[in-house]
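Structural description and commentary
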Amino acid sequence: MTTFLRDTATVFARELRPSLRNPAAMLFDMGQPLLFLFLFGSLLGGAVGSSWQWFVPGILVMMCLTGPMSSGYTLLVELIGGAMERMMVTPLSRTAMLIGKSMKAVVTLVVQAVLIIVLALPLGFELHAAGVLAGLAQLAIFGVGLGALSFVLAMKSVPSGTLFYVVSQSLLFPLLLLSGVLLPLETAPGWLKVLGQINPVTYIVDAQRALFAGNLGEPSVLYGTLTACVVAAIGLYLGNRAMSKGL
């Protein structure tokens, strides 16, 4: 166990070091969420009740999809360049590699989420501390699963990388639009509502909105937490299996 924790910490530090050296890159990655927050959120006005309480959680889920879900790109670059191959011949635990890389994606996500919440406070966002902490924990679990699945996709995309771009971009926007992140699905046509109900991201979005409103006891919180845990379990299982098989 001590060796595993040491290996995980080693990989995590290796992954985090470039971000610490260039924090501006993390802020640059927040450009699109910030644009949606300040422009699109203001346009909603009172159309969805308390627009900031409704919109800010959606923005955080969007960041979860565009961040951890695309974190496999870094692994893809390492795979194509040969850096990951050199790591795989070291005594480092394969599982520790997966966990360390996933942790870096999640830490980045949480830091960015906290910044978004702080920036939303002057706009009228009401802070419910317990709900926010629970919401961030749920996002972290969901982010671990998405990050691990992204790594699996990266490993399957070698050597060209085309598969990674095609699959990730093909999934990203349908998952966003069919989850009610930007607009409520209540007024959507029936067929869109059906697609939204089979979209796992929908349950995360609903749970986040309940938690950030301080409604920790709503059924949507349970459904969202179960969804996040299932995605994390599937992602870690497939990721660990792919890592164990080697490149």
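Below is a short write-up of the structure. No experiment lies behind these values; they were computed from the predicted model shown. (Residues numbered from 1 in each chain as written. Predicted model: local features only at pLDDT ≥ 70, side-chain atom pairs only at ≥ 80, totals over all residues. Heavy atoms only, no water.)

Concerning the packing of helix 8 (residues 129–156) against helix 12 (residues 219–245)
- Here helix 8 crosses helix 12 at 30°, and the two axes come no closer than 7 Å. Viewed along their axes, helix 8 and helix 12 adopt a mutual orientation that is roughly parallel. Seen from above, helix 8 lies across helix 12 with left-handed handedness.
- In the contact of helix 8 with helix 12, the residues fall into 18 nonpolar, 6 polar and no charged. (Axes fitted to C-alpha atoms, helices over the stretch in contact; angles between N-to-C directions. Helix = DSSP H or I, 4+ residues; strand = E, 2+ residues; numbered from the N terminus. Parallel < 35°, antiparallel > 145°, perpendicular 65-115°, else oblique. Left-handed = near helix turned anticlockwise from the far one by under 90°. Nonpolar A, V, L, I, M, F, W, Y, C, P; charged D, E, K, R; others polar.)

Regarding the packing of aromatic side chains
- Taken as a whole, this structure holds 4 aromatic pairs when the rule is applied.
- Taking 6.5 Å as the distance between ring centres and 15° as the angle between the ring planes, the aromatic pair formed by tryptophan 54 and phenylalanine 55 counts as stacked. Both residues of the pair, tryptophan 54 and phenylalanine 55, count as buried.
- An angle of 50° between the planes, with centres 6.1 Å apart, marks the rings of phenylalanine 125 and phenylalanine 212 as tilted. Note that phenylalanine 125 is positioned in the loop between helix 7 (94–120) and helix 8 and phenylalanine 212 in helix 11 (residues 200–212), a separation of 87 residues in sequence. The residues phenylalanine 125 and phenylalanine 212 share a single accessibility class, namely buried.
- Taken together, Tyr73, Phe164 and Tyr165 form an aromatic cluster joined through their ring pairs.
- Sitting above the plane of the tryptophan 54 ring, arginine 209 keeps its charged end 3.6 Å from the centroid. (Phe/Tyr/Trp six-rings, centres within 6.5 Å; stacked < 30°, edge-to-face > 60°. Buried < 20%, exposed > 50% of the residue type's maximum accessible area, 1.4 Å probe, protein only. Lys NZ or Arg CZ within 6 Å of the ring centre and 35° of its normal.)

A few points about helix 9 (residues 162–177)
- In this model helix 9 runs 24 Å from its N-terminal to its C-terminal C-alpha over 16 residues, within 8% of the 22 Å that 1.5 Å per residue would give.
- Taken as a whole, helix 9 has its buried residues at Phe164, Ser168, Leu172 and Leu176. In an axial view of helix 9, the angular spread of the buried residues amounts to 45°, which keeps them on one side of the axis. (Expected span 1.5 Å × (residues − 1). Arc of directions from axis to C-beta.)

Thoughts on a nonpolar patch on the surface
- Residues Leu35, Phe38, Leu39, Leu119 and Leu123 make up a contiguous nonpolar surface patch of roughly 420 Å² in combined accessible area.
- For the nonpolar patch, the leading source of residues is helix 3 (residues 31–44), giving 3 residues.
- With respect to the element layout, phenylalanine 38 can be found in helix 3. (Patch = residues over 30% accessible without salt bridge, like charges linked within 9 Å, V, L, I, M, F, W, Y side chains within 5 Å. Areas by Shrake-Rupley, 256 points an atom, 1.4 Å probe, with all protein chains shown as cover. Salt bridge = Lys/Arg side-chain N within 4 Å of Asp/Glu carboxyl O.)

Quick look at the environment of leucine 16
- Structurally, leucine 16 can be placed in helix 1 (residues 2–21).
- Along the sequence, leucine 16 and proline 174 sit 158 residues apart, while their C-alpha atoms lie 30 Å from each other.

Examining the nonpolar core
- The biggest cluster of nonpolar side chains holds 37 residues, and the ones touching the most others in it are Leu60, Leu65 and Phe142.
- Contributions of two or more residues to this core are made by helix 4 (51–66), helix 7, helix 8, helix 9, helix 11 and helix 12.
- Once residues lying within four places of it in the same chain are set aside, the contact partners of phenylalanine 142 are Cys64, Leu65, Val201, Ile204, Ala228 and Val231.
- Core analysis: the second largest hydrophobic core is formed by 19 residues, Leu75, Met87, Ala154 and Ala242 among them. (Core = buried A, V, L, I, M, F, W, Y, C linked by side-chain atoms within 4.5 Å. Contact = heavy atoms within 4.5 Å.)

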